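# Analysis of the macromolecular model
One letter stands for each residue in the lines below.
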Amino acid sequence: MANRPPIKTSNSALIAMIADEDTITGFLLAGVGNVDLRRKTNYLIVDSKTTVKQIEDAFKEFTTREDVAIVLISQYIANMIRFLVDSYNKPIPAILEIPSKDHPYDPAHDSVLSRVKYLFSTESVASGRR
């Protein structure tokens, strides 16, 4: 536990978003949006013209940025890049899959929930051996 990376507590931690236009608009109205001096935003609006490559690039960018603490991604979009989402294993930024207006949330596809289920099933097996 001593080797865990320190969690930044500065006021500059951002929430990044990869979602459809309605979801992004809602979060922008709540004040989550940010545009830095280089005109880079903390969100990607995914529509029918957005390529999987653009989604992958945005995910990689948001997960490597120092000022991002949480990446919110619509679950149906996360399914498009599931291999990237499932292979991501760092605690910061945290990856949270959220529902969208047109696509309901399915807990069977959530990578965080599947990891939690795996941990609890391993712990329950290990505790039974004592």
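Just so it is clear, the structure is predicted and the values come from calculations on it, not from any experiment. (Residues numbered from 1 in each chain as written. Predicted model: local features only at pLDDT ≥ 70, side-chain atom pairs only at ≥ 80, totals over all residues. Heavy atoms only, no water.)

This next bit is on the pairing of strand E1 (residues 14-19). Counting buried residues in E1 gives five out of six residues, a clear majority hidden from the surface. In this structure, E1 lies alongside strand E3 (residues 68-74), joined through five bridges in parallel fashion. Residue pairing across strands places alanine 16 opposite valine 71, the latter belonging to E3. Where E1 and strand E2 (residues 43-45) come together, three bridges link them in parallel fashion. Residue isoleucine 18 lies in a different strand from E2, and its bridge partner there is leucine 44. (Buried < 20%, exposed > 50% of the residue type's maximum accessible area, 1.4 Å probe, protein only. Helix = DSSP H or I, 4+ residues; strand = E, 2+ residues; numbered from the N terminus. Pairing = 2+ DSSP bridges.)

On to the side chain of threonine 50, then. Positionally, threonine 50 belongs in the loop between E2 and helix H2 (52-64). According to the relative accessible area criterion, threonine 50 is buried, its value standing at 17%. Separated by 3.0 Å, the side chains of threonine 50 and aspartate 47 make a polar contact. (Polar contact = N/O pair within 3.5 Å; in protein donor to acceptor, adjacent residues only side chain to side chain.)

Turning to H2, a few remarks are in order. When the terminal C-alpha atoms of H2 are compared, their 18 Å separation across 13 residues agrees well with the 18 Å that a helix rising 1.5 Å per residue should span. For H2, the complete set of buried residues consists of Ile55, Glu56, Ala58, Phe59, Phe62 and Thr63. Along the axis of H2, the buried positions cluster into a sector of 165°, meaning they face one direction only. Of the residues in H2, the exposed ones pointing more than 90 degrees away from the buried face are Lys53 and Thr64. In this structure, the buried residues of H2 make contact with E1, E2, E3, helix H3 (75-80), helix H4 (82-87) and strand E4 (94-98). (Expected span 1.5 Å × (residues − 1). Arc of directions from axis to C-beta. Contact = heavy atoms within 4.5 Å.)

Inspection of every chain in the model, using the stated rule, returns eight salt bridges. Of the charged contacts in the structure, one is a salt bridge between arginine 38 and aspartate 36, with a shortest N-O distance of 3.3 Å. According to the relative accessible area criterion, arginine 38 is exposed, its value standing at 65%. Salt bridges here are not isolated pairs; linked through shared partners, they connect Lys40, Glu61, Arg65 and Asp67. (Salt bridge = Lys/Arg side-chain N within 4 Å of Asp/Glu carboxyl O.)

Among the secondary structure elements, glutamate 56 is positioned in helix H2. Salt bridges are absent for the buried glutamate 56, whose nearest opposite-charge side chain, lysine 60, sits at 4.8 Å. Once you skip the residues sitting within four places of it in the chain, glutamate 56 turns out to touch Ile81, Phe83 and Leu84. (Lys, Arg positive; Asp, Glu negative; His and termini not counted.)

The next point concerns the environment of alanine 94. By secondary structure assignment, the location of alanine 94 is in strand E4. Separated by 31 residues in sequence, alanine 94 and threonine 63 place their C-alpha atoms 8.5 Å apart.

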